[in-house]
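Structural description and commentary
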Amino acid sequence: MHPIGHFMSNQPWSGTSDRTGEIRNPATGAVTGRVSLASKADVDAIVDTAAAALPGWAATPPARRATVMFEFRDLLKTHTDELAELLSAEHGKTLPDARGEIARGIEVVEFACGIPQLLKGEYSEAVAQNVDSFSVRQPVGVVAGITPFNFPAMVPLWMYPVAIACGNTFVLKPSEKDPGVVMRIAELLAQAGVPDGVFNVVNGDKEAVDTLLDNPRIEAVSFVGSTPIGHYIYSRGTANGKRVQALCGAKNHMVIMPDADMDQVADALIGSAYGSAGERCMAVSVAVPVGEQTADRLVGALEPRIRALKIAPYTDPGSELGPVISKQSYDKIHNLIADGIDQGANLVVDGREIALQGYEEGYFIGGCLFDNVTTDMSIYREEIFGPVLSVVRAADYETAVGMINDHEYGNGTAIFTRDGDAARDFWARVRIGMVGVNVPIPVPVAYHSFGGWKRSLFGDHHIHGMEGVRFYTRLKTMTTRWPSGIRTGAEFNFTGGKDV
Ligand code: NAD
């Protein structure tokens, strides 16, 4: 089986390492491919290529860089079905979900098409006599992106279209679990006309990541993945003087107020808790009904919907959720469910024993629902990243808000209510990066920025939107005097010639 290699200078490159990783079809457990795991020398060679391409690309006018993005956007649109098929085969998510992910990625490319406007600086005429001042944003240099398995197309697209449009060159290290779709998209970007060396892909594991973090030619690192790894990447990258943004894990709560429309709530929860088998960093994994009656109505509305979920491989057009990514994830989720039972939660719907004929070795888990979960339990504290929803009953609204603010994660949250006062109080007071009001998965559109608070993000910048432009550029401010021949004499009072 020929392994997936790397992508350098707009060409596939096999690299020099003989280490490889397995790619499995999560629906069957079968090995379907291998991916090269780059050596330090491979990574350094790719970074050298990106560094060599930097001066030419950084000097290319933004409008010309935008032209490549326009072309790239059209190619992604034309190839969406092909890309979705590749993505689902490695990841296991349903085809409509894969197409949705690609569509959200395309939105970021559309944002990057506006780069000439986004990079416009500021100008102040006459800050002193004959003195003008202006600011511009310039590319940071060679940027690395390190991405997770759960959105193999969209999350990389959060990064490199903006980084490249800003004039940087890029080295992407995708997840080793599902790198296929990234490699095909790299070919499309080459076809769109990006010059050699501007966008590169290195496949690998910890050795590749550590090499990127230590290579002095990498100026900035965007990471998306789990909190322990993100914290490590932030610490090591910043210790090496790099700019780092690390978007990490989550435990997203949805508060259900007594006045909420329960059918609307239940439908919203089914999609957001179980869609993509719960493997979304914005999945709702904790439902917080306010009051016992609300909780009883909620559990009553959820239970039949969960039992009716259609769990099947992506090749079945009726599938609503597929398998989780790996045997390791499958075991972790099973262990956490067992912990939940041991610690006293009530498992209302148990999806563990699901049997799909012909897919016995696949990593399928049916929807699970826990009631009477308390905040000391592991299923509440830890990110499960599977189709498991916990109901934590809150006596009142203040308890619900306090619970959310006390949790170590702060990615997303939502409130369902018809009460405008409650909704406004909620979004104003929760210590969370992205908040939905009657919207269960409040993922910002591409021209806003995505990011969490607390241990869901290390670094100062959220991703894409203007925050992305700020992260991938440095600000430079000029102060100029024309005509230059005016004699001012020596100045010692730091006022730039103004009277004080
Ligand atoms: P992960 O942290 O295991 O892997 C992410 C990347 O880090 C991969 O490219 C992987 O190769 C690399 N990596 C893994 N172990 C490493 C190590 N020891 N040293 C250096 N690099 C290492 O995450 P995952 O399992 O692929 O993805 C799921 C996680 O990502 C979840 O926690 C999810 O919440 C999070 N996520 C967060 C966001 C967000 O925007 N906040 C978005 C998507 C996913």
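Residues numbered from 1 in each chain as written. Predicted model: local features only at pLDDT ≥ 70, side-chain atom pairs only at ≥ 80, totals over all residues. Heavy atoms only, no water.

1. Observations regarding the sheet that holds strand S22 (residues 473-481)
Two pairing modes exist for strands in a sheet, parallel and antiparallel, and in both the strands are linked by backbone hydrogen bonds. What counts is decided by this rule: Whether two strands pair comes down to DSSP finding at least two bridges between them. Where helices and strands are cited, they refer to DSSP runs of H or I of at least four residues and of E of at least two residues respectively, numbered from the N terminus. What counts as an axis is a line fitted to C-alpha atoms, over the stretch in contact for a helix, and the angles between N-to-C directions run from 0 to 180 degrees.
Taken in spatial order, the three strands line up as S5-S6-S22 in an open sheet, and their pairing is antiparallel. Edge positions in the sheet fall to strand S5 (122-128) and S22, since each of these pairs with one other strand and no more. Pairwise comparison of adjacent strand axes, ignoring direction, gives a mean angle of 25° for this sheet. Of the pairings in the sheet, the one linking strand S6 (residues 131-139) to S22 comprises nine bridges and is antiparallel in character. Each residue of the ladder has a partner; that of Pro 139, found in S22, is Thr 473.

2. Looking at the UniProt feature "domain: Aldehyde dehydrogenase" (unreviewed entry) in the protein chain
Put simply, the rule is: UniProt positions are given in the numbering used here, feature names are shortened, and annotations may be inferred rather than shown by experiment.
Per the UniProt record, "domain: Aldehyde dehydrogenase" (unreviewed entry) is found at residues 16-477. Between the end C-alpha atoms of residues 16-477 there is a gap of 44 Å, over a span that is 42% helix and 21% strand.

3. Thoughts on the sheet that holds strand S15 (residues 368-371)
Inclusion rule: Contacts: residue pairs with any heavy atoms within 4.5 Å of one another.
Spatially, seven strands are ordered S14-S15-S16-S13-S12-S18-S19 in an open sheet, and the strand pairing comes out mixed. Two strands close off the open sheet at either side, each with one partner strand: strand S14 (346-349) and strand S19 (434-437). Strand-to-strand twist across the sheet, computed as the mean angle between neighbouring axes with direction ignored, equals 20°. In this structure, S14 lies alongside S15, joined through three bridges in antiparallel fashion. Counted as the bridge partner of Val 349 is Leu 369 from S15. Lying over the sheet, helix H11 (residues 292-307) contacts strand S12 (252-256), strand S13 (284-289), S14, S15 and strand S16 (388-391), oriented at roughly 50° with respect to S14. Seen against the sheet, helix H12 (residues 327-342) touches S14, S15 and S16 and runs at an angle of roughly 25° to S15.

4. Observations regarding the site of the ligand
Filter applied, for reference: Near residues are defined by distance, with any heavy atom within 4 Å of the molecule or strand qualifying the residue. Polar contact criterion, stated in full: a pair of N or O atoms within 3.5 Å, where within protein one must be able to donate a hydrogen and the other to accept it, and residues adjacent in sequence count only if both atoms are side-chain atoms. Only the protein chains shown count as cover for residues, with accessible areas throughout obtained via the Shrake-Rupley method and a probe of 1.4 Å. Both cavities and pockets are sets of points on a 1 Å grid over the protein atoms alone; in a cavity a 1.4 Å probe fits but cannot get out, in a pocket the set is open with protein on both sides within 12 Å along at least five of seven lines, and lining residues sit with an atom within 4 Å of a point. Those molecules having more than half of their atoms within 2 Å of a cavity or pocket grid point set are described as sitting in that cavity or pocket.
Near the ligand lie 26 residues; those nearest to it are Lys 173, Glu 176, Ser 226, Cys 248 and Glu 383. At 2.7 Å, a side-chain N or O of Glu 176 approaches an oxygen atom of the ligand. Contact with the protein chains covers 88% of the free accessible surface of the ligand, which is 840 Å². Using a 2 Å cut-off from the grid points, one finds that the ligand occupies the largest pocket.

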